[in-house]
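# Coordinates in review
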Amino acid sequence: MESANRMADSIRDKVIAIIAELAVLEVEDVRTDATLDDLGIDSLGVVESIFAIEEAFDIQVPFNANEPEKSAFDISSVAAIIAAVEGLVADQA
């Protein structure tokens, strides 16, 4: 169980680092309850963050930039993104 917790922490930390970099913020300024909009990330930044997450975790993110509200990948908050990435990583394992 401990290694699963470590992996979840690692995913969380990596997702927050990606978002912080795109938002030009310090990691500690990225709250998990914040939306990407709250952090100043526009629609282009959302797409960039999806690409960065795909590359960092070697996963395919089910996200349609033209219709983000219809995507299976929840980008409603930083916590939702972390949970979605954890799910995709677990599915791949």
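Below you will find a few notes about this structure. (Residues numbered from 1 in each chain as written. Predicted model: local features only at pLDDT ≥ 70, side-chain atom pairs only at ≥ 80, totals over all residues. Heavy atoms only, no water.)

### Remarks on the pattern of salt bridges
Let me state the cut-off plainly: We count a salt bridge whenever a side-chain nitrogen from Lys or Arg sits within 4 Å of a carboxyl oxygen from Asp or Glu. Here the term buried applies to any residue with accessible area under 20% of the maximum for its type, exposed to any over 50%, and partly exposed to those in between, with areas from a 1.4 Å probe on protein chains only.
A full pass over the atoms with the stated rule returns three salt bridges. Taking the shortest distance from any N to any O, the salt bridge between Arg12 and Asp13 comes out at 3.6 Å. Judged by relative accessible area, which is 36%, Arg12 ranks as partly exposed. On the basis of relative accessible area, Asp13 is assigned to the partly exposed category, the value being 44%. Close ionic contact of Arg31 with Asp33 constitutes a salt bridge, the shortest N to O distance being 3.0 Å.

### A few points about helix 2 (residues 43-57)
Note the cut-off: Helix numbering and strand numbering both begin at the N terminus, where a helix is a DSSP run of H or I of at least 4 residues and a strand a DSSP run of E of at least 2. The span expected for a helix works out to 1.5 Å for each residue beyond the first. Polar contact is defined as a pair of N or O atoms within 3.5 Å, subject to the rule that within protein one atom must be able to donate a hydrogen and the other to accept it, and that residues adjacent in sequence are counted only when both atoms are side-chain atoms.
Over its 15 residues, helix 2 runs 21 Å from end to end, which matches the ideal 21 Å to within 8%, given 1.5 Å per residue. Within helix 2, burial applies to Gly45, Val46, Ser49, Ile50, Ile53, Glu54 and Phe57. Sitting at the amino-terminal end of helix 2 is Asp42, which places a side-chain oxygen 3.2 Å from the backbone nitrogen of Leu44. Within two residues after helix 2, Asp58 carries a phi angle of roughly 55°, on the positive side.

### What about unusual backbone geometry?
Notably, Val24 is not glycine yet its phi reads approximately 55°, a positive angle. Its place among the elements puts Val24 in the loop between helix 1 (2-23) and helix 2.

### Looking at the nonpolar core
Spelled out, the test is: To qualify as a nonpolar core, a set must consist of buried Ala, Val, Leu, Ile, Met, Phe, Trp, Tyr and Cys residues joined through side-chain atoms within 4.5 Å. In this analysis, two residues are considered to be in contact whenever any of their non-hydrogen atoms come within 4.5 Å of each other.
Residues Ile19, Phe57, Phe73 and Val85 are the most contacted members of the largest nonpolar core, which totals 27 residues. Secondary structure elements with two or more residues in this core: helix 1, helix 2 and helix 3 (78-92). For Phe73, the contacting residues outside a window of four places in its chain are Ile50, Val61, Pro62, Phe63, Ile81, Ala84, Val85 and Leu88.

### Some points on helix 3
If you check helix 3, its first and last C-alpha atoms are 21 Å apart, about what 15 residues at 1.5 Å a residue would give, namely 21 Å. When helix 3 is considered as a whole, its buried residues turn out to be Val78, Ala80, Ile81, Ile82, Ala84, Val85, Leu88 and Val89.

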